[in-house]
Amino acid sequence: MRFLFKLGVMFILVASVYAASADTILDRPDVVKSIAQVRHDSFGPLHIEYALLVRRDSVDFVAGSGDNIQFTWDPEIIAVIHTHPDVGFEQPSPQDIQTAIKFQRPMYVVSRTQIWVAFPTGISYCVSCRQK
């Protein structure tokens, strides 16, 4: 019983640490501006999918069509933010979660109305759904 309690406490602590880093990235002015831009372009008539490669001091845009966004992984990348323009696909895909685990970086998913994050632990949650 104690083991389960300790495991639960560890889960909460890990989730809260990752939540703090998620908030930090999403609070950066350059990231906020970039998300607004990709939302405008992704969900318009062109239906372009985007990935934002977030580095410590910059954000790079990568565009693609369909699920085909390709970029070269760089260890300087601290997070990837990408769009899921289709309704019903707001959450991180299994591939998003596997990428977060493989590269040990959070993978954010931006849809029309929500932002989700998949953490390197395999945990994902809706960042924009929580009440402040």
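Refer to the structure printed above.
The structure displayed is predicted, hence computed values, not measured ones.

Undergrad: What should I look at first to understand the side chain of serine 111 in this one?
TA: As for its position among the elements, serine 111 is in the loop between strand E4 (107–110) and strand E5 (115–118). Apart from the residues within four sequence positions on either side, serine 111 is in contact with Arg39, Phe43, His84 and Glu90.

Undergrad: Would you take a moment to explain unusual backbone geometry for this structure?
TA: Across the chain, the bulk of peptide bonds are trans and the bulk of non-glycine residues have phi less than zero. For glutamine 104, which is not glycine, the phi torsion reads 55 degrees and is therefore positive. Structurally, the position occupied by glutamine 104 is in the loop between helix H3 (94–103) and E4.

Undergrad: Sorry, what's going on with H3 here?
TA: Along an α-helix, a turn takes 3.6 residues, which lines up residues three or four apart on a common side. For H3, the set of buried residues is Asp96, Ile97, Thr99 and Ala100. For H3, the angular spread of the buried residues around the axis is 160 degrees, confining them to a single face. In this structure, H3 carries Pro94, Gln95 and Lys102 as exposed residues pointing more than 90 degrees from its buried face. Contact partners of the buried residues in H3: strand E3 (77–83), E4, E5 and strand E6 (124–126). A positive backbone phi angle near 55 degrees is found at glutamine 104, which sits one or two residues after H3.

Undergrad: How should I be thinking about the nonpolar core in this particular structure?
TA: If you look at soluble globular proteins, the nonpolar side chains tend to sit buried side by side. Leu26, Val31, Ile35, Val54, Ile81, Tyr108 and Ile115 are the most contacted members of the largest nonpolar core, which has 17 residues in total. For this core, the secondary-structure elements that each account for two or more residues are helix H1 (2–27), helix H2 (29–42), strand E1 (49–55), E3, E4 and E5. In contact with valine 31, other than residues within four places in its own chain, are Ile25, Leu26, Val54, Val59 and Ile81. Residues Ala51, Ile77, Met107 and Ala118 belong to the second largest nonpolar core, which totals 10 residues.

Undergrad: Sorry, what's going on with the sheet that holds strand E2 (residues 59–64) here?
TA: For sheets, the rule is that strands pair by backbone hydrogen bonds, running either parallel or antiparallel. The sheet built from six strands is open, its strands ordered E2-E1-E3-E4-E5-E6 with mixed pairing. Edge strands, defined here as strands with exactly one partner in the open sheet, are E2 and E6. Sheet twist, expressed as the mean angle between neighbouring strand axes with direction ignored, is 20 degrees. Inspection of the sheet shows E5 paired to E6 by three bridges, in the antiparallel sense. Across the sheet, tryptophan 116 pairs through a bridge with cysteine 126, a residue of E6. Sheet strands touched by H2: E1, E2, E3, E4 and E5. Its angle to E1, the strand with the most contacts, is close to 170 degrees. Across the sheet, H3 lies against E3, E4, E5 and E6, angled at about 150 degrees from E4, the strand it touches most.

Definitions and cut-offs
- Residues numbered from 1 in each chain as written.
- Predicted model: local features only at pLDDT ≥ 70, side-chain atom pairs only at ≥ 80, totals over all residues.
- Heavy atoms only, no water.
- Helix = DSSP H or I, 4+ residues; strand = E, 2+ residues; numbered from the N terminus.
- Contact = heavy atoms within 4.5 Å.
- Buried < 20%, exposed > 50% of the residue type's maximum accessible area, 1.4 Å probe, protein only.
- Arc of directions from axis to C-beta.
- Core = buried A, V, L, I, M, F, W, Y, C linked by side-chain atoms within 4.5 Å.
- Pairing = 2+ DSSP bridges.
- Axes fitted to C-alpha atoms, helices over the stretch in contact; angles between N-to-C directions.

Nothing here speaks to function; it is all geometry.
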